[in-house]
Amino acid sequence: MPSRGFRAALRERTPMSGSWVFLDDAVTAQVMGRAGFDFITIDLQHSYSTMSSAAGLVDAVRQGGAPVVVRVPWNTPDLIMRSLDLGAEGVIVPMVNSAAEAEAAARSCHYAPRGTRSWGPLWQGVHESHPDHEEGDRIAACIVMIETASAYVDIDAIAAVPDVDAVYIGQNDLSLSAGLGRRTFAESPELHAMIERIVERSHAAGAAVGLDCSGPEAASYWRERGVDFVIAANDVALLAQSAGAAAAALRAR
């Protein structure tokens, strides 16, 4: 990870691996931030957390030392701006179906005249320093999710939107939207081909590409095929796996 931050790494297409935080618990979030991932994503769309708990979670990950990204529940300016004000270095915006929707998300990440983000130094008086508007514009990463048939058709225009730094492929919803059922790339040649085309067209437009992966093997497979960053772990699964392994080991003695 370049010292100048998460957005710069996206722009340089630096390979990165991240994890989701699903649990609404600041201690868990801080542990995840210290674990060694290139970035941590607080999930506010499909998790136990809400926007009301996001401040503590974002701050906990930052204390752990990792760049923090927030997946907002929906593509609305208030959710995007609030997440960035709380200290996230980027947002993942779900269900972006068109270039117009991608542009709206990107504009919400940046201050005027570049965008529509409202200035509000939320951490003033709490942290020793907070970024000014120019620094805020420099570090705020906009990642839009490609997870519908409409977005797939419009991928060239979406990936070319100024200040869309990356696209993130949601395999499950993309498969459902394409009428393939809930299938993985390993089960569906059609879905596999769709993912490959998204990678190709996004890179051609200058955007990095991320993919939700089931684990290290899938992550390695897609890195070899051009995917720039992956989210291939989550706190709930890691806790369950470690607890199960520990219990099994104790029972075996």
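Everything discussed here concerns the structure shown above.
Residues numbered from 1 in each chain as written. Predicted model: local features only at pLDDT ≥ 70, side-chain atom pairs only at ≥ 80, totals over all residues. Heavy atoms only, no water.

For this particular structure, what's the right way to read the overall build of the chain?
Of regular secondary structure, the chain possesses twelve helices and eight strands. Seen along its three principal axes, the alpha-carbon backbone of the chain occupies a region of about 60 × 45 × 30 Å. Within the span of the chain, comprising 253 residues, buried residues form 48% of the whole. Contacts in the chain between residues at least 24 apart in sequence constitute 62% of all its contacts with a sequence separation of at least 6. On the chain, roughly 11600 Å² of surface is accessible, and the fraction owed to carbon and sulfur atoms is 53%. If the 20 positive side-chain charges of the chain are averaged to one point and the 31 negative ones to another, these points end up 4 Å apart. (Helix = DSSP H or I, 4+ residues; strand = E, 2+ residues; numbered from the N terminus. Buried < 20%, exposed > 50% of the residue type's maximum accessible area, 1.4 Å probe, protein only. Contact = heavy atoms within 4.5 Å. Areas by Shrake-Rupley, 256 points an atom, 1.4 Å probe, with all protein chains shown as cover. Lys, Arg positive; Asp, Glu negative; His and termini not counted. Charge placed at Lys NZ, Arg CZ, Asp CG, Glu CD.)

Sorry if this is basic, but what is going on with the packing of helix α2 (residues 26-34) against helix α3 (residues 54-64) here?
The geometry of a pair of packed helices is captured by two quantities: the angle between their axes and the separation between those axes. Contact geometry for α2 and α3: axes closest at 7 Å, N-to-C directions at 35°. The two elements α2 and α3 meet at a crossing, and its hand is right-handed. Of the residues in α3, those in contact with Ala26, Ala29, Gln30, Gly33 and Arg34 of α2 are Gly56, Leu57, Ala60, Val61, Gln63 and Gly64. (Axes fitted to C-alpha atoms, helices over the stretch in contact; angles between N-to-C directions. Left-handed = near helix turned anticlockwise from the far one by under 90°.)

Help me understand unusual backbone geometry, please; the structure alone is not making it clear to me.
In most cases, non-glycine residues show a negative phi, while peptide bonds are predominantly trans. Cis geometry is adopted by the peptide bond preceding Pro113, which originates at Ala112 and carries an omega value of 5°. Non-glycine residue Met95 carries a positive phi angle of around 50°. Topologically, Met95 is positioned in the loop between β4 (90-93) and α5 (99-108). Backbone geometry places Asp163, a non-glycine residue, at a positive phi of 70°.

Functional significance is not addressed by these values, which are geometric in nature.
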